[in-house]
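# Topology and contacts: notes
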Amino acid sequence: MKRYWSVALVLLLLVAFFSSKHSVQGRSLLRMTHSSQAVRDLQTSKEMKEEKPLRGENDSFRRIPRTGSNPSQNKYNLPVGVQGRIQVLKCEYAVRGEIVSIAQRLQDDLKINKDAYPFDEIIYCNIGNPQSLGQQPITFFREVLALCSHTALLDESATHGLFSSDSIDRAWKILDQIPGKATGAYSHSQGIKGLRDAIAAGIEARDGFPADPNDIFMTDGASPGVHMMMQLLISSEKDGILCPIPQYPLYSASIALHGGSLVPYYLDEASGWGLEISELKKQLEDAKSKGITVRALAVINPGNPTGQVLSEENQRDIVDFCKKEGLVLLADEVYQENVYVPDKKFHSFKKVARSMGYGEKDISLVSFQSISKGYYGECGKRGGYMEVTGFTSDVREQIYKVASVNLCSNISGQILASLVMSPPKPGDDSYDSYIAEKEGILSSLATRAKTLEEALNKLEGVTCNRAEGAMYLFPCINLPQKAIAAAEAAKTAPDAFYCKRLLNATGIVVVPGSGFRQVPGTWHFRCTILPQEDKIPAIVNRLTEFHKSFMDEFRD
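Residues numbered from 1 in each chain as written. Predicted model: local features only at pLDDT ≥ 70, side-chain atom pairs only at ≥ 80, totals over all residues. Heavy atoms only, no water.

So, about the overall build of the chain. Helix and strand counts for the chain come out as 19 helices and 14 strands. Looking at the 556 residues of the chain, the share that counts as buried comes to 51%. Contacts in the chain between residues at least 24 apart in sequence constitute 72% of all its contacts with a sequence separation of at least 6. As displayed, the chain has an accessible area near 25,600 Å², and 53% of this comes from carbon and sulfur atoms. (Helix = DSSP H or I, 4+ residues; strand = E, 2+ residues; numbered from the N terminus. Buried < 20%, exposed > 50% of the residue type's maximum accessible area, 1.4 Å probe, protein only. Contact = heavy atoms within 4.5 Å. Areas by Shrake-Rupley, 256 points an atom, 1.4 Å probe, with all protein chains shown as cover.)

Here it is, written out as structure tokens:
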């Protein structure tokens, strides 16, 4: 009898275990629902059994993302508890990959063994991190931030002699918008309302079309906004995102983490990294033939890593394509201030869409901006926003819910994002110094870009398109077959082989093009234009000498 009851107890426990396992999966979204009434409504409806479509104004959101088991994950032979995160193994981020790790080890060893290397410093040209390479922050922005962070300064008489009058006035205005005047407190999940008002006003001044502060979601840089949208758009590997190739690895990494499929469209290097609508159509049809439903199109303008600036005509074609195909347009516009050539100008995709007569009901558009780039380069402060337009209220509710899970973005980043979109105006105490700092930084970046571009194009077997914008050059290197064979023997990509050799010989850190994806059979590397002007000649000399030596060593 005891054995009978023991067996019965085990069976009951097994039934309870498997029942709870399935019910937890089915309730994963309910746990995130704010309203208890919404929970009760969902529990009594067929939505508990069926996946309910969520639609944007242009029918671009098809359903709430939901995680689930994937039999193909078992091929990695991982423990059961790790199976659900197999996406982490698929995720790669070359900008801070193997070569950067090697550089950091070299930097540590340089402190001990200075005479062991043919260089005396590591120059990080791998990432868009301006202030780490000597760029100074904008004085007005930092003055306001300092006063908001340490409010006691506002009560000191000496402050008026140390800070500009408009930075003091702006600090008071911002603090009045923060509950308790406490920058260390949580804010609304979308960001402080007064700061979103300032950003919306800045967008409206830039574009000439209305902007709603309720469309602004403030984020810790642009990256969390991209992750958030991928989380909402992707529910399985059958959901695809059209991404440019070459692309910024944030996109491939985020798509991999959320279990989706990257649908590549190749930029045309021969035409200055042009974006052809025929290529978009081709890749869209190819994805459909594989059973992939494309949810969105990601466009980076100005381009990263490629540095091109889209023409307004090209942007109009892209907007029409998204409208026709019912795709969400993800517009990465974090380099909007970084345009260096007189024949190109930045136009936001929202401005382009509105100028075409398309409103909220015509196209779903998410625009990303960051305080990390531009002329400000406040990477470590982690600030930015996304402007979300063209979605129905039920989809907006889901976006807000995901934002709420993260509580809020950091307040210092929010303040800086508002300042970037609302800088000093003519007549303000700080205006002249602000303009001088801004124009000095952008002018210097343009000079550095041109100098490096010309130097790269003088190297044997190297071609480099002009840097129209952003912070990078992406030269193509025609490597000798012996070098390619040596790379294969070392079990590494040929461009990674080149970049490692460059690092070990010169201390210059660049990122191999294979980390950004590229047309098969071509090799590139990405190099920032951020080292200060006085360091550029030395970089050019080191690179030139290395490249000649490398080509001589591996010449066919």
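Past the structure itself, the notes keep going.
A separate point is the nonpolar core. Ranked by size, the top nonpolar core spans 121 residues in total, and within it Phe141 and Leu330 carry the most contacts. Each residue touching Phe141, except ones within four places of it in the same chain, is listed here: Tyr375, Tyr376, Leu416, Leu419, Val420, Pro423 and Tyr434. Counting residues in hydrophobic clusters, the runner-up holds 31 residues, among them Tyr265, Leu267, Cys322 and Phe516. (Core = buried A, V, L, I, M, F, W, Y, C linked by side-chain atoms within 4.5 Å.)

Time to look at the pattern of salt bridges. On inspection of all chains with the given rule, the structure shows 24 salt bridges. For Glu312, the salt bridge identified is with Arg316, shortest N-O distance 4.0 Å. Taken as a pair, Glu312 and Arg316 lie in helix 12 (residues 312-325) at a separation of four residues, close to a single helical turn. Residue classification places Glu312 among the partly exposed residues on the basis of a relative accessible area of 28%. Judged by its relative accessible area of 31%, Arg316 falls in the partly exposed class. (Salt bridge = Lys/Arg side-chain N within 4 Å of Asp/Glu carboxyl O.)

This part takes up the state of the cysteines. In protein chemistry, a disulfide is the covalent bond that joins the sulfur atoms of two cysteines. This structure, assessed with the given rule, holds zero disulfides. Just so you know, Cys125 is unpaired, no disulfide at all, and the nearest cysteine sulfur is the one on Cys527, 4.3 Å from it. You can call Cys125 buried: its relative accessible area is 1%. (Disulfide = S-S within 2.5 Å.)

Sheet architecture is open: seven strands sit in the order 2-8-7-6-5-3-4, paired in mixed fashion. Both outer strands of the open sheet, strand 2 (216-219) and strand 4 (261-266), are each paired with one neighbouring strand and no more. The sheet shows a mean angle of 20 degrees between the axes of neighbouring strands, direction not considered. Alignment of strand 3 (residues 239-245) against strand 4, held across six bridges, turns out to be parallel. Note on strand 4: the bridge partner recorded for Ile241 is Leu262. (Pairing = 2+ DSSP bridges. Axes fitted to C-alpha atoms, helices over the stretch in contact; angles between N-to-C directions.)

Following the sequence through the fold, Asp320 ends up in helix 12. Here Asp320 falls in the partly exposed class, since its relative accessible area comes to 33%. Spatially, the C-alpha atom of Asp320 lies 9.2 Å from that of Met356, the residues being 36 residues apart in sequence. With near-sequence residues (within four places) excluded, Asp320 lies in contact with Met356 and Tyr358. For Asp320, the side chain forms a polar contact with the side chain of Tyr358, separated by 2.5 Å. (Polar contact = N/O pair within 3.5 Å; in protein donor to acceptor, adjacent residues only side chain to side chain.)

Time to look at the packing of aromatic side chains. Under the defined criterion, the tally for this structure stands at 15 aromatic pairs. Ring plane angle 70 degrees and centroid distance 4.6 Å describe the contact between Tyr375 and Tyr376, whose orientation is recorded as edge-to-face. The class for Tyr375 is buried, based on a relative accessible area of 0%. By relative accessible area, which is 0% here, Tyr376 ends up buried. For the ring pair Tyr498 and Phe525, a centre distance of 5.9 Å and an interplane angle of 15 degrees mean the geometry is stacked. (Phe/Tyr/Trp six-rings, centres within 6.5 Å; stacked < 30°, edge-to-face > 60°.)

If you trace the backbone, Glu98 turns up in helix 4 (residues 98-112). Each C-alpha atom, one on Glu98 and one on Val511, is 9.5 Å from the other, the two residues being 413 residues apart in sequence. A distance of 3.0 Å separates a polar atom in the side chain of Glu98 from a polar atom in the side chain of Lys500.

Reading across from one edge, 10-14-13 is the order of the three strands in this open sheet, with antiparallel pairing throughout. Lying at the two open borders of the sheet, with one neighbouring strand each, are strand 10 (472-473) and strand 13 (511-512). The sheet contact formed by strand 13 and strand 14 (residues 525-528) spans two bridges and is antiparallel. Across the sheet, the residue bridging to Pro512 is Phe525, located in strand 14.

Contact geometry of helix 9 (residues 223-233) with helix 14 (residues 393-405) gives a least axis separation of 10 Å together with a crossing angle of 130 degrees. Judged by the inter-axis angle, helix 9 sits oblique to helix 14. Considering the relative orientation of helix 9 and helix 14, their crossing is right-handed. In contact with Met228, Gln231 and Leu232 of helix 9, helix 14 contributes Gln398, Ile399, Val402 and Ala403. Residues of the contact of helix 9 with helix 14, tallied by class, amount to five nonpolar, two polar and no charged. (Parallel < 35°, antiparallel > 145°, perpendicular 65-115°, else oblique. Left-handed = near helix turned anticlockwise from the far one by under 90°. Nonpolar A, V, L, I, M, F, W, Y, C, P; charged D, E, K, R; others polar.)

What follows is about the packing of helix 16 (residues 431-457) against helix 19 (residues 536-554). Relative orientation of the contacting elements helix 16 and helix 19 amounts to 15 degrees, with a least axis distance of 11 Å. By the criterion of interaxial angle, the relationship of helix 16 to helix 19 is roughly parallel. In this structure, the crossing between helix 16 and helix 19 has a hand that is right-handed. Across from Arg448, Thr451, Leu452, Ala455 and Leu456 in helix 16, the residues of helix 19 making contact are Ile536, Ile539, Val540 and Leu543. For the contact of helix 16 with helix 19, the residue count by class is seven nonpolar, one polar and one charged.

Of all five residues in strand 6 (residues 328-332), five are buried, a share of seventy percent or more. Going residue by residue along strand 6, you find Val328, Leu330 and Asp332 tucked away on one face and Leu329 and Ala331 tucked away on the opposite face as well. The pairing of strand 5 (residues 293-300) with strand 6 spans five bridges and is parallel. Each bridged residue has a counterpart across the sheet, and for Ala298 the counterpart in strand 6 is Leu330. On the question of chirality, the crossover connecting strand 5 to the parallel strand 6 by way of helix 12 is right-handed. As paired strands, strand 6 and strand 7 (residues 365-370) are joined by four bridges and run parallel to one another. Each bridged residue has a counterpart across the sheet, and for Leu329 the counterpart in strand 7 is Leu365. (Right-handed = clockwise from strand over helix to strand, strands pointing away.)

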